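What the coordinates show
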Amino acid sequence: MKQTKFSPSLRKITESKLFFPTLTLALILLFDLITVPNFFSIQIRNGNLYGSLIDIFRNASAVMLLSIGMTLVIATGGVDLSVGAVMAIAASVAALLMNPYVLATELPPHLMKLINDPQFTYQPLWIVIIVTLIVATICGLWNGLLVAYVRIQPMVATLILMIAGRGIAQLITNGVRIQIFYEPYAFIGQGWKILPFSLYLVAFVFVIAWIITRRTAIGLFIESVGINFRSSYFSGIDEKKIKLLAYSFCGLCAGIAGLVASSNIKTSDAYNIGMTLELDAILAVVIGGTVMGIGGRFSLLASLIGAVVIQAITTSMYAIGVQAFALQAIKGLVVIFVILLYSEQVRGFIRKLTVQKEAKP
Amino acid sequence: MADKDTSDLLISMRGINKAFPGVQALENVDFDLRYGEIHALMGGNGAGKSTLIKVLTGVERPDSGKILLLGKEVSVKSPQHAQSLGISTVYQEINLCPNLTVAENILIGREPMKWGSIHWKKLNTQAKEILLRILGIDIDVTRTLGSYSVAIQQMVAIARSLEIEFAKILILDEPTSSLSTHETEQLFGVMRKLKSEGVGIIFITHFIDQVYKISDRITVIRNGTLVGTFDTSTLSRMELITKMIGRSITVLDEMLKTKAETVKHIRGENVLQARELGQTGEIEPFDLDLHAGEVVGLAGLMGSGRTEAASLLFGLETPDSGSLTIAGKRVEKFSPNASIKRGLVLSPEDRKAAGIVDDLSVRENIILAMQAGQGWFKYISRQKQEEIADKYIHLLDIATPSADQIVKNLSGGNQQKVILARWLATNPQVLILDEPTRGIDVGTKAEIQKLVLSLAEDGKACIFISSELEEVMRCSHRIAVLCDRKKVAEYSGEVDQNVIMHSMAGEL
């Protein structure tokens, strides 16, 4: 076989999973730079940073969290439709643990006072968080069991919890939308420490996921199972456990996203929290270049950028004055554009461009 | 060499060039096909045969060069377009839908209709007729394709492509690699019939015997360039092989010596002992012993139970009778993972479906089983991975631009080597190789056979499964014969090939 000459650097950039999401994001931001005055201005108040750019990232944090877990699930060749519903379940569990008195029909006056006391919580915050995340992980585990052991198609298996989940969330709070008054809880979604606190959470989860997948063999096994689960099984990989792990982790991520979302709106609203966010999360992963339905190669960072792309579209549309009702349609157009970028034809075209450039001395 | 008279040419490909990232797959290749001829396309692994076929059938676009069909220049845009031009192909890897029935597979896209919906009854009878008429096989066409053996699936693929009425050109890419002798003869009958009807057939195979039996002309490609086109009757086998591999073939001779030498390396140590091991409906209870340094061949026809026996030993299936003892320990837990940890590995028959992980790199494919044996958390460092990959790329002479090449870009033979490397990296004591040389060229085949013997010399035990009896006989110290999912005989020492063939046929 003869080697054709090519400069590895340029090709490496265009073939990287990060290339298209970053390019898309850059295009959107360029659009903002031209059309929206002061879009990039950042103010400093009390040592914290504020601005449209920061807002994009802050508002994307829930979808970013979801997209980390979703990446692993999609890489195994599956999908998790239930993450939005799991967010709602997590919100309900957290709200109930902080203030179960809301559900009581009659309360003595001294307890009545506690209901809207911003300093009161029934369980300490750390227990609230841990229990909530355990419940969310169990939700993911359930999905994983259905997919890996009962062998139900992922789309169908997770559809069960997607539908039932919001009902369960309601059951937990007895159908009541619990308002969350406890002040420290609000910090999760609304706190600021130079940057929004939720972004540190995203970074933390990302680093953990990265270590799990790239500093152990789990990432390789996830990719291998997604590409060819039979070959993986023949090679001694326990594909069932790998899938179980991916779905459980996805549930955990949904739980954290649920904490962020409920802290943001200060209620456990089973019908609003995480609504249709599973679709955004899937879209983020797809923009990040992990192939839906096939799985295999994945990039966590590319998925995160994908999540930011989605939020950047929304924020930019609002910034140029697009009405809320028109937003979905415009988002759809942008998505089509992004997906076109990924098509074999466009990739082939770009490959050709780089080859031609390389051919010149 | 090349024919100057173009009036009897069905196809004429001129100056075809095609490059893939990092590889010049075809360089200025010419190829002709006449009316009513069977034209063998020969070459080693990665020589460019498949690429040439892909260019002809519109799967790949050539970078330059032209294709003349019946004297007119055409540009083949897609496989569908090729089909509409009368070019039909049966690929080496079966490209049918295993979850559809045999009948649906044969008539897909051309289903008989009634009242605007598919006329199922007619569909099934038509499909049955086609199979009987073309290949003379009678099977239940309402069962899903996937429930049949690879051989039957291959036959269905052939029937399907032949059924396309106006096929003037038929391309058979390794159609016989999973067929038994009898089935191959059937296929040859069909090929001769089509030839007499004026169809031009391009026949790709690694079986030299078959080339001489059926082909009129031979075109040899090596490293993406044309070596030449020859009349089969004027080219000796030795010349052909020399042209294919670019050097004279002495490896095979060397090997016979090696086998004789390895016999004395067999130690008494029993590494694998199966007693009355069986699974209802799959394979009847059988006994099998394997000693360190020994190669045991499993001979038998397609569907005789070879693969089923191997699956039981490797723990893909759990036996419902008997016992299995490996390295002195009785096996309780049957799973691939447990087997690998015990030092027993299986290189599966179906390379595409159960062997390679095609989107992973050569390096990752090689370390995969080793890593699985070490578990999730003892991650083999990148540097160590590279060392291991380089070692086996070198050892097995795997042709790849680098260890980071995606494995699906490699040729079939090199993919097979990658799978062997994957198993060797786990340092196994027992290797079960199920059809390790299927669809692989002569040179590589000899290399793999030699490798098996040298492994035995190192004290490893091997079970060697192959459809080619000669190959089994050449490599094995002992041969177990299977017939109708039952072990029927065992031979050691020098055995007459006819004796084995009779017991394979169940006559002894």
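A quick note: this is a predicted structure, and the numbers were derived from the prediction, not measured. (Residues numbered from 1 in each chain as written. Chains lettered and ligands numbered in written order. Predicted model: local features only at pLDDT ≥ 70, side-chain atom pairs only at ≥ 80, totals over all residues. Heavy atoms only, no water.)

**Overview of the interface of chain B and chain A**
- Taken residue by residue, the interface counts 42 residues in chain B and 28 residues in chain A.
- Regarding the contact of chain B and chain A, the summed buried area is about 2900 Å², with carbon and sulfur atoms giving 64% of it.
- Linking chain B to chain A there are 1 salt bridge.
- For Glu364(B), the salt bridge identified is with Arg297(A), shortest N-O distance 2.6 Å.
- Run the count over chain B and chain A and you get 11 residue pairs in polar contact (both at pLDDT 80 or more). (Contact = heavy atoms within 4.5 Å. Buried area = accessible area lost by both parts, 1.4 Å probe. Salt bridge = Lys/Arg side-chain N within 4 Å of Asp/Glu carboxyl O. Polar contact = N/O pair within 3.5 Å; in protein donor to acceptor, adjacent residues only side chain to side chain.)

**Description of the pattern of salt bridges**
Residue and element names in this part refer to chain B.
- As enumerated under the stated definition, the model contains 26 salt bridges over all chains in all.
- For the salt bridge of Asp216 with Lys195, the shortest nitrogen-to-oxygen distance reads 3.0 Å. Here Asp216, found in the loop between helix H7 (208–214) and strand E11 (217–222), pairs with Lys195, found in helix H6 (residues 181–196); they are 21 residues apart in sequence, far enough to count as distant.
- Among the ionic pairs, Arg382 bridges to Glu386, the shortest N-O distance being 2.9 Å. Residue Arg382 and its partner Glu386 are located together in helix H14 (residues 382–395), separated by 4 residues, close to a single helical turn. (Helix = DSSP H or I, 4+ residues; strand = E, 2+ residues; numbered from the N terminus.)

**Thoughts on a nonpolar patch on the surface**
Residues and elements named next belong to chain A.
- A surface patch of nonpolar side chains, about 650 Å² in accessible area, is lined by Leu23, Leu27, Leu30, Leu33, Ile34, Phe40 and Phe337.
- No other element matches helix H2 (residues 19–35), which puts 5 residues into the nonpolar patch.
- With respect to the helices and strands, the residue Leu27 is situated in helix H2.
- Its relative accessible area of 40% is what places Leu27 among the partly exposed residues. (Patch = residues over 30% accessible without salt bridge, like charges linked within 9 Å, V, L, I, M, F, W, Y side chains within 5 Å. Areas by Shrake-Rupley, 256 points an atom, 1.4 Å probe, with all protein chains shown as cover. Buried < 20%, exposed > 50% of the residue type's maximum accessible area, 1.4 Å probe, protein only.)

**Looking at the nonpolar core**
- Of all hydrophobic cores here, the largest spans 183 residues; its most connected members are Ile68(A), Leu272(B), Phe286(B), Leu313(B), Leu324(B), Ile366(B) and Ile500(B).
- Here the element with the most residues in this core is helix H3 (residues 52–75) of chain A; it accounts for 13 residues.
- For this core, the domains that each give at least three residues are domain 2 (258–343 + 429–508) and domain 3 (356–427) of chain B.
- With 35 residues, the next largest nonpolar core counts Tyr148(B), Leu162(B), Leu194(B) and Ile201(B) among its residues. (Core = buried A, V, L, I, M, F, W, Y, C linked by side-chain atoms within 4.5 Å. Domains from an automatic or database assignment.)

**Re the pairing of strand E13 (residues 270–279) of chain B**
Residue and element names in this part refer to chain B.
- One ladder, built from 6 bridges, connects E13 with strand E14 (residues 283–291); its direction is antiparallel. The residue of E14 that forms the bridge with Leu272 is Leu290.
- Counted along the chain from E13 to the antiparallel partner E14, the turn is 3 residues long, and its residue Gly281 has a positive phi close to 85°.
- Bridge count between E13 and strand E16 (residues 321–326): 5 bridges; the pairing is antiparallel. Counted as the bridge partner of Ala274 is Leu324 from E16. (Pairing = 2+ DSSP bridges.)

**Points about the domain arrangement of chain B**
- Split by domain assignment, chain B resolves into domain 1 (9–245), domain 2 (258–343 + 429–508) and domain 3 (356–427).
- Computed from C-alpha atoms alone, the centre-to-centre distance between domain 1 of chain B and domain 3 of chain B is 31 Å.

**Things to note about empty space enclosed by the protein**
All names here are of chain A.
- One pass over the structure, following the stated rule, counts 3 cavities of 30 Å³ or more.
- For the second largest cavity, the full set of lining residues is Ala95, Met98, Asn99, Leu114, Ile115, Asp117, Phe120, Ile178, Gln179, Ile180, Phe181 and Tyr182.
- Mapped onto the lining of the second largest cavity, the elements with two or more residues apiece are helix H4 (83–98) and strand E3 (178–179).
- Tallied by class, the residues present in the lining of the second largest cavity amount to 9 nonpolar, 2 polar and 1 charged. (1 Å grid on protein atoms, 1.4 Å probe; cavity = no way out; pocket = protein on both sides within 12 Å on 5 of 7 lines; lining within 4 Å. Points joined across faces, edges and corners; volume = space filled by probe spheres on them. Nonpolar A, V, L, I, M, F, W, Y, C, P; charged D, E, K, R; others polar.)

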